[in-house]
Amino acid sequence: MSTFLTAYAVAVVWAVGRATVLYAAGLGLSRSVTGRWGRVAGRLLSRHATTGSARVLAGGALGLSKAYLVPGLAETAQLLAGFGRMPLRTYAAGLTLAALPWAVVDATIGSALVAAFTSGWGAAVVGAVAAYLIWRHRDRLMGGAAPMVD
């Protein structure tokens, strides 16, 4: 049980940290559009970023938490929330709604992998795959020429 709780804590910290960095990057992009690099960034990001950030802002905290259900969309939604200057209170509520349940999935997979490696099965599988790859590519690893293929 302590392995699961440790994995859960790590997953929560990772999710919140990554989301905070993406939100800050979005804020930085929004400031650069209105700042000194406004013309260049405005041409690159104008229509797509403003449309996406408007959709994220319209969804609010619940919309941001729903974005976690679609792989790849979570990062985009976090970046666009910063770009659209979503209020930090709303962003934190959406992040909490999404990160805490999602960390259970990450912790379950993580604790299962830790249990596999500590029991010896995971190390045996990794060792077998490494041995096969070394045997398969032994000529290249030893500095010899690669076999010719017709």
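For clarity, every value in this text was computed on a predicted model and none was experimentally measured.

**Student:** Just to check I follow, could you spell out the overall build of the chain for this structure?
**Tutor:** The number of helices and strands found in the chain is 6 helices and 0 strands. Start at the N end of the chain and walk to the C end: the helices and strands fall as α-α-α-α-α-α. Counting the 150 residues in the chain, one finds 26% classified as buried. At a minimum sequence separation of 6, the contacts of the chain that also span at least 24 residues come to 76%. Just so you have it, the chain exposes about 10,300 Å², and 70% of that area is on carbon and sulfur atoms.

**Student:** How do you make sense of the nonpolar core when you look at a structure like this?
**Tutor:** Val56, Leu64, Tyr68, Ala81, Met86 and Tyr91 are the most contacted members of the largest nonpolar core, which has 17 residues in total. Put simply, the parts of the chain that give this core at least two residues each are helix 1 (2–34), helix 2 (38–66), helix 3 (73–83) and helix 4 (88–119). Filtering out sequence-adjacent residues up to four positions away, Tyr91 remains in contact with Ala19, Thr20, Tyr23, Leu64, Gln78, Ala81 and Met86.

**Student:** Where do I start with the packing of helix 4 against helix 5 (residues 121–136) in this structure?
**Tutor:** In a pair of packed helices, the angle between the axes and the distance between the axes together describe the arrangement. The geometry of helix 4 relative to helix 5 is characterised by a closest axis approach of 4 Å and an angle of 80° between their N-to-C directions. Between helix 4 and helix 5, the angle falls in the class roughly perpendicular. Residues Ala116, Phe117 and Ser119 of helix 4 form the contact with helix 5, whose participating residues are Trp121, Gly122, Ala123 and Val126. Of the residues in the contact of helix 4 with helix 5, the class split is 5 nonpolar, 2 polar and no charged.

**Student:** For this particular structure, what's the right way to read the side chain of Gln78?
**Tutor:** As for its position among the elements, Gln78 is in helix 3. Apart from residues lying up to four places away in sequence, Gln78 is in contact with Arg18, Ala19, Leu22, Tyr23, Leu64, Tyr68 and Tyr91.

**Student:** Hey, could you run me through the packing of aromatic side chains in this one?
**Tutor:** A ring pair, where both rings are aromatic, is described by two values, the distance of the centres and the angle of the planes. Counted by the stated rule, this structure contains 2 aromatic pairs. When the centroid spacing of 6.4 Å and the interplanar angle of 40° are considered together, the rings of Tyr132 and Trp135 count as tilted. One end of the pair, Tyr132, and the other, Trp135, are both in helix 5, 3 residues apart, so they sit about a helical turn from each other. Overall, the relative accessible area of 52% leaves Trp135 in the exposed class.

Reading guide: rules and limits
Residues numbered from 1 in each chain as written. Predicted model: local features only at pLDDT ≥ 70, side-chain atom pairs only at ≥ 80, totals over all residues. Heavy atoms only, no water. Helix = DSSP H or I, 4+ residues; strand = E, 2+ residues; numbered from the N terminus. Buried < 20%, exposed > 50% of the residue type's maximum accessible area, 1.4 Å probe, protein only. Contact = heavy atoms within 4.5 Å. Areas by Shrake-Rupley, 256 points an atom, 1.4 Å probe, with all protein chains shown as cover. Core = buried A, V, L, I, M, F, W, Y, C linked by side-chain atoms within 4.5 Å. Axes fitted to C-alpha atoms, helices over the stretch in contact; angles between N-to-C directions. Parallel < 35°, antiparallel > 145°, perpendicular 65-115°, else oblique. Nonpolar A, V, L, I, M, F, W, Y, C, P; charged D, E, K, R; others polar. Phe/Tyr/Trp six-rings, centres within 6.5 Å; stacked < 30°, edge-to-face > 60°.

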